[in-house]
Amino acid sequence: MSVVIPARDDAVLLDRCLRALAQQTVAPAEVIVVDNASEDTTAAVAAFHGARVLVEPTVGIWAAAATGYDAAEAPVIARLDADSLPRPDWVEQITEAMAQRPEAAAVTGWGRFVDLPRLIGIPAAAVYLGAYYALGYAASARAPLWGSNMAIRRSVWREVRGRVHRTEREVHDDMDLALALGPHHIVATVPRIVVGVSARSLRGMAQLGRRFHRALRTLSLNWSRVPPWKRWALRFGWGVRHAPH
């Protein structure tokens, strides 16, 4: 398994993430950190931990993530964000999930907010991720992917990478990838695959507004290609012969 971590000016949290990866019960084949035009010590931190460091000068989460996926050498490409804090069995759980579900193109897991009090963090994560998964399923006619905790088969990535919007800065790359997969690909949601994450995505109206804007942009780009009603028709074979390309 290759682990890809896109990062920009996130040296402190990246250090925490890479320390957690070093303590896995099953070691990944490689860890790839894609330095996305950082101005801090992100690249140096990655190199210190023995990660394979790639540089993606085009600023954007999709550009950085796609660069890492393209370079990955293992049959399974797992994805974390710099603020992800994987449990010690994270690699092991993904490896088992992919092996037990040979029909699945990808798997995605669950999360918890590690920088909020437990009594707040658990219900906040349940509401946040529950809403994301429910709305993502409705939008794509299949389970969505969550970029902080997911994995995709390398063969599937190579099949769909020409359909993602990797040059777009204002899109959610995980949602975009899920929509590019189309309803004929299976994504397995495995709640036992858990990572901790920062709650920074919930802080401030400007941040929430930007995430909402990105969601609309992601849906608009993909629905212009295959509208939601057709995705559901494809999912259930309701008179639609061809899958989206």
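The paragraphs below set out a description of the structure included in this document. (Residues numbered from 1 in each chain as written. Predicted model: local features only at pLDDT ≥ 70, side-chain atom pairs only at ≥ 80, totals over all residues. Heavy atoms only, no water.)

**Let's talk about the nonpolar core**
- Core analysis: the largest hydrophobic core is formed by 43 residues, its most contacted members being Val3, Ile5, Leu18, Trp90, Ile94 and Val107.
- Setting aside chain neighbours within four positions, we find Trp90 in contact with Met1, Val3, Leu21, Gln24, Ala78, Arg79, Leu80, Asn149, Ile193, Val194 and Val195.
- With 29 residues, the next largest nonpolar core counts Ala65, Leu145, Val160 and Val164 among its residues. (Core = buried A, V, L, I, M, F, W, Y, C linked by side-chain atoms within 4.5 Å. Buried < 20%, exposed > 50% of the residue type's maximum accessible area, 1.4 Å probe, protein only. Contact = heavy atoms within 4.5 Å.)

**Brief notes about the sheet that holds strand E7 (residues 150-153)**
- Judged by pairing direction, the sheet is mixed, and its eight strands sit side by side in the order E3-E2-E1-E4-E7-E6-E8-E5 without closing on themselves. With one partner strand each, in any of the chains shown, strand E3 (52-55) and strand E5 (85-86) form the two edges of the open sheet.
- Where strand E4 (residues 76-79) meets E7, four bridges bridge the pair, whose relative direction is antiparallel. Bridging from a neighbouring strand, Arg79 pairs with Met150 of E7. (Pairing = 2+ DSSP bridges. Helix = DSSP H or I, 4+ residues; strand = E, 2+ residues; numbered from the N terminus.)

**A word on the side chain of Thr42**
- By the secondary structure assignment, Thr42 is in helix H2 (residues 42-48).
- A distance of 2.7 Å separates polar atoms of two side chains, one belonging to Thr42 and the other to Asp40. (Polar contact = N/O pair within 3.5 Å; in protein donor to acceptor, adjacent residues only side chain to side chain.)

**A short note on the pattern of salt bridges**
- Tallied over the full model, the rule gives 10 salt bridges.
- With a shortest N-O distance of 2.8 Å, Arg79 and Asp81 are connected by a salt bridge. Accessibility classification places Arg79 together with Asp81 in one group, the buried group.
- As a salt-bridge pair, Arg79 and Asp173 come within 2.6 Å of each other at their nearest N and O atoms. With Arg79 in strand E4 and Asp173 in helix H7 (residues 173-181), this pair connects stretches of sequence that are 94 residues apart. Across the pair, exposure class does not vary: Arg79 and Asp173 are buried alike.
- Residues joined by salt bridges that share partners form a network here, namely Glu30, Arg52 and Glu73. (Salt bridge = Lys/Arg side-chain N within 4 Å of Asp/Glu carboxyl O.)

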